[in-house]
Amino acid sequence: NDSALSAARAAGQIGEQADGYLGFVPGATISADLRGRVEQNNIRRRALYTQRATQRSASVNEMAAAVACEVFQGRIAVGERYRNEGGQWRQRTASNPVEVPGFCTD
Amino acid sequence: CIPVQIQAPDEPIEINLNVNIRQEVIVRLERDAEELLQQNEDLF
Amino acid sequence: ITEQARGMVENMRGPASLNANILWTRDAITSNGRVGLNGVSLATSTIPVVRDVRGEIYFDNLFELTTPPGQQITVGELNPGIAVHNGRVSFQLLPEQQVSIERAEFDFASGILAMAPTTIRLGAEETQFILTLRDVDAAELINTFEIPDLAATGTVEGNFPLLLTRRSAFIQNGVLRASTEGGTIAYTGNAGGDAAGPARIAFDALRNFRYDALSLTLDGDLNGEVVSSIEFSGHNAGGAVDLGQIAPIPGVGSVTVRGVPFDFNVRVSAPFRSLAQTAATITDPTALLNRAQGDDSEDEDQEGATERTEPVDQGGPGTR
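Here's a quick rundown of the structure.

Rules of the game
Residues numbered from 1 in each chain as written. Chains lettered and ligands numbered in written order. Predicted model: local features only at pLDDT ≥ 70, side-chain atom pairs only at ≥ 80, totals over all residues. Heavy atoms only, no water. Pairing = 2+ DSSP bridges. Helix = DSSP H or I, 4+ residues; strand = E, 2+ residues; numbered from the N terminus. Axes fitted to C-alpha atoms, helices over the stretch in contact; angles between N-to-C directions. Contact = heavy atoms within 4.5 Å. Core = buried A, V, L, I, M, F, W, Y, C linked by side-chain atoms within 4.5 Å. Buried < 20%, exposed > 50% of the residue type's maximum accessible area, 1.4 Å probe, protein only. Arc of directions from axis to C-beta. 1 Å grid on protein atoms, 1.4 Å probe; cavity = no way out; pocket = protein on both sides within 12 Å on 5 of 7 lines; lining within 4 Å. Points joined across faces, edges and corners; volume = space filled by probe spheres on them. Nonpolar A, V, L, I, M, F, W, Y, C, P; charged D, E, K, R; others polar. Salt bridge = Lys/Arg side-chain N within 4 Å of Asp/Glu carboxyl O. Disulfide = S-S within 2.5 Å.

Attention now goes to the sheet that holds strand β4 (residues 89-91) of chain A. Residues and elements named next belong to chain A. The mixed open sheet is built from four strands, whose spatial order is β2-β1-β3-β4. The sheet is open, and its two borders are formed by β2 (22-24) and β4, each paired with just one other strand. Within this sheet the neighbouring strands show an average axis-to-axis angle of 40°, counted without direction. Sheet contacts for helix α1 (residues 3-10): β1 (14-17) and β2; angle to β1, the most-contacted strand, approximately 90°.

What follows is the structure, given as structure tokens:
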């Protein structure tokens, strides 16, 4: 994974969202370089979702949400911030597990 | 009763149909989601 | 692609050739060059899939990356949420990543999807187009959206604004109308399986329905949920429609009717693509039947109608 993005995740500047994309944590200072990298990452994610959704006759948002489920169920490290289905930013901590979106199946 | 062929009315019968489609698609895409994650480690 | 293109044009792949000549003289640097694209694919901030771009672009200034008007390329596939193919685009690159699209036409459902001339900025958060659909075959349209159990004839046309953002492709009040003098619609699915009363009639009529007017409005995000409402009027051409116990004319009983004129207003809201995955299930039939003749009271089949239509009084039968 892109080291600059990993550092920004660990530093709580950016995080995964329930819509399948990376987001900017409110209040974090985001450099132009980091903004470009996040937008680049999200463009590539959307391209993946669009191609796979077309093959499966699903909508792009559904494909993105399905990936978000996998990410929320296993790829958010303790300490990282994420944005839940309701749009609020949360932090995964030892005592607060990740709030997996309602549309996910376990 | 005897079926009666009635004269077609001059005014159209108005039919309003609301069709709502809700279907659990996310389940169907689970395997694809796992595949995309594995094949694109650099993105996630 | 330079650093500052990051987050604007991505996933650039495919064979491209550049021959450039740069001329330094004491008082000016002039640069121009030709870029040959031989099947390049890329993603932009608002169009995630652009595939198989071919053509030769002449740059009159390599530093500004600007071109004269009339550059021509072909695009194998463009997909902002739904795929269109075989594009023929003529454009001009202007300073500050502005692109003047002079003409752009794609194949869509056996017809043409054309873009009105417009200027967009690469990397912009939003891009707005006005799209025109011409001689789109109704059967092909249904095919493209993979809608099961529905067949139709006739051609449709129309235009609509499309707003592209980093996450969505919004159709705003897109209107398509049948351009031919009519056609047929046949819904053979069992969505209306357990429908009773007026909805039962609707489905019987839809088995083979001759429309003389049809309009389809589309609103929503091609990536998410599109609400489409289909209105068509005409009469059923097929088998007799059994009014069944709905319209018992005292002492006569079941009445069969053929050629009954219908006004159908079908409002379908579904995630855009997965409309194709399920047969339409009727969850909310609001059928307003205006008695063809005889019995004077309206019969409203409730079943939790969300959209209330004004009950038609006996005097003004279902005119629109």
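Moving on, we come to the nonpolar core. Residues F106(C), F108(C) and L141(C) are the most contacted members of the largest nonpolar core, which totals 61 residues. The residues contacting F106(C), other than those within four sequence positions of it, are V75(C), L78(C), V84(C), H85(C), N86(C), G87(C), R88(C), V89(C), G111(C), I112(C), L113(C) and M115(C). Judged by nonpolar contacts, the second largest core, of 22 residues, contains A18(A), A66(A), I76(A) and L36(B).

Moving on, we come to helix α1 (residues 30-39) of chain B. Within α1(B) the residues assigned to the buried category are D32(B), A33(B), L36(B) and L37(B). The buried residues of α1(B) occupy an angular sector of 135° when the element is viewed end-on, so they sit on one face. Turned more than 90 degrees away from the buried face of α1(B) sit R31(B), Q38(B) and Q39(B), all of them exposed. Of the surrounding elements, those touching the buried residues of α1(B) are α2 (32-56) and α3 (60-72) of chain A.

Okay, the layout of surface pockets next. All names here are of chain C. Empty space within the largest pocket amounts to approximately 1400 Å³. Lining the largest pocket are 50 residues; nearest its centre among them are V9, M12, L42, L93 and L122. Split by residue class, the lining of the largest pocket holds 35 nonpolar, eleven polar and four charged.

This brings us to the pattern of salt bridges. All told, the structure shown has 21 salt bridges over all chains when counted by the stated rule. R44(A) serves as the salt-bridge partner of E10(C), at 3.6 Å between the closest nitrogen and oxygen. Highlighted residues: E10(C) in strand β1 (residues 9-13) and R44(A) in helix α2, drawn from two different chains. Note that E105(C) is salt-bridged to R134(C), the shortest N-O span being 3.3 Å. Pair noted here: E105(C) is in strand β7 (residues 98-108) and R134(C) is in strand β10 (residues 126-137), with a separation of 29 residues, a long-range link.

Residues and elements named next belong to chain A. Evaluated as defined, the whole model comprises one disulfide over all chains. With a sulfur-sulfur separation of 2.1 Å, C69 is cross-linked through a disulfide to C104. Across the S-S bond linking C69 and C104, the dihedral sits near -90°, which makes this disulfide left-handed. Here C69, found in helix α3, pairs with C104, found in the segment after β4; they are 35 residues apart in sequence, far enough to count as distant.

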